[in-house]
Amino acid sequence: MTSKQSEHKPEPLGRENNVELISQAKAGSHAAFEAIHRMHVGRVYAICLRILADRDWAEEVTQKVFIRAWTKLNSFRGASLFSSWLYKLAVNVILGELKCPTGRIEQQCAEKETQYHASSGSEPIQILRLDLEKAIALLPKQARIIFVLHDIEGLTHGEIAHAMELAVGTCKAQLSRARKLLREALKK
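Residues numbered from 1 in each chain as written. Predicted model: local features only at pLDDT ≥ 70, side-chain atom pairs only at ≥ 80, totals over all residues. Heavy atoms only, no water.

Asker: Honestly, the packing of aromatic side chains in this entry has me stumped. Any pointers?
Answerer: In this description, an aromatic ring pair is defined by two values, namely the gap between the centres and the angle between the planes. This model, assessed by the stated rule, comprises 5 aromatic pairs. Measuring from centroid to centroid gives 5.0 Å for Phe33 and Trp70, while their planes differ by 65°, and the two rings are edge-to-face. Residue Phe33 is located in helix 3 (residues 30-52), and its partner Trp70 is located in helix 4 (residues 55-72); the two are separated by 37 residues in the primary sequence. Each ring, one from Phe82 and one from Trp85, has its centre 5.4 Å from the other, and the planes form 35°; the classification is tilted. In this pair, Phe82 and Trp85 are both assigned in helix 5 (residues 82-98), 3 residues apart and thus about one turn of the helix distant. Trp85 matches Phe82 in its accessibility class, with the two residues each being buried. Taken together, Phe33, Phe66 and Trp70 form an aromatic cluster joined through their ring pairs. (Phe/Tyr/Trp six-rings, centres within 6.5 Å; stacked < 30°, edge-to-face > 60°. Helix = DSSP H or I, 4+ residues; strand = E, 2+ residues; numbered from the N terminus. Buried < 20%, exposed > 50% of the residue type's maximum accessible area, 1.4 Å probe, protein only.)

Asker: Looking at this structure, how should I read the pattern of salt bridges?
Answerer: Pairs may arise between side chains of opposite charge once their charged atoms sit close together. A complete count under the given rule lists 7 salt bridges for this structure. Where Glu97 meets Lys64, a salt bridge forms, and the shortest distance between an N and an O atom there is 2.7 Å. Taken together, the positions of Glu97 in helix 5 and Lys64 in helix 4 put the pair 33 residues apart, joining distant regions of the chain. Note on Lys64: relative accessible area 34%, which makes it partly exposed. (Salt bridge = Lys/Arg side-chain N within 4 Å of Asp/Glu carboxyl O.)

Asker: Whenever I open this one, the side chain of Glu97 confuses me. Can you help?
Answerer: With a relative accessible area of 15%, Glu97 lands in the buried category. Engagement of the side chain of Glu97 in a polar contact is seen with the side chain of Trp57, the distance being 2.8 Å. In contact with Glu97, other than residues within four places in its own chain, are Trp57, Glu60, Val61 and Lys64. (Polar contact = N/O pair within 3.5 Å; in protein donor to acceptor, adjacent residues only side chain to side chain. Contact = heavy atoms within 4.5 Å.)

Asker: Which parts of the structure should I look at to understand the environment of Leu139?
Answerer: Among the structural elements, Leu139 can be located in the loop between helix 7 (132-137) and helix 8 (141-152). Judged by its relative accessible area of 3%, Leu139 is buried. Sequence separation of Leu139 and Leu181 is 42 residues, and the distance between their C-alpha atoms is 7.2 Å.

Asker: Please clarify how the environment of Leu149 should be interpreted in this entry.
Answerer: Structurally, the position occupied by Leu149 is in helix 8. Distance in space between the C-alpha atoms of Leu149 and Tyr87 is 9.1 Å, their sequence separation being 62 residues. Residues contacting Leu149, with those up to four places away along its chain left out, are Ile47, Tyr87, Val91, Gly154, Leu155 and Ile160.

Keep in mind that these numbers describe shape and distance, not what the molecule does.
Here you go:
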């Protein structure tokens, strides 16, 4: 993804399948898949960015999502909306990225804070308020994903439960947990 693509404003996914484009892409049409990519790349990138909290990493993972979509396109049967299928695929790719044992998000937040203090030329100061993006990045993995998908991207609990293969009750509990943790973090 080029920087121009990453600056592209996410387009709404809509609720309709574009059956013809999907059929053409399944048949091997690169032009049809490029059209699908253009329709969905902004939203997929936005989800990746909010969950991963790093622009470069989000661009990289967005590319991985569409590579996986291309290779798995024939598994889309049309029983659900294409956008729901793509969300589930994106969540799975993101979860795979987050399984990295190095704790990349937490490490990046610590590095950014260190860089801030080093560049300010003054003693480290106690930060009284976290900005929302940092607070979201520090949420536990599952709570962060559910918060982003529900409160930011507007998916229903049912859609999230389907995408993450969880019970609806688990999604609701994790969303409640995420909101509570965010309130606590933003009060500091």
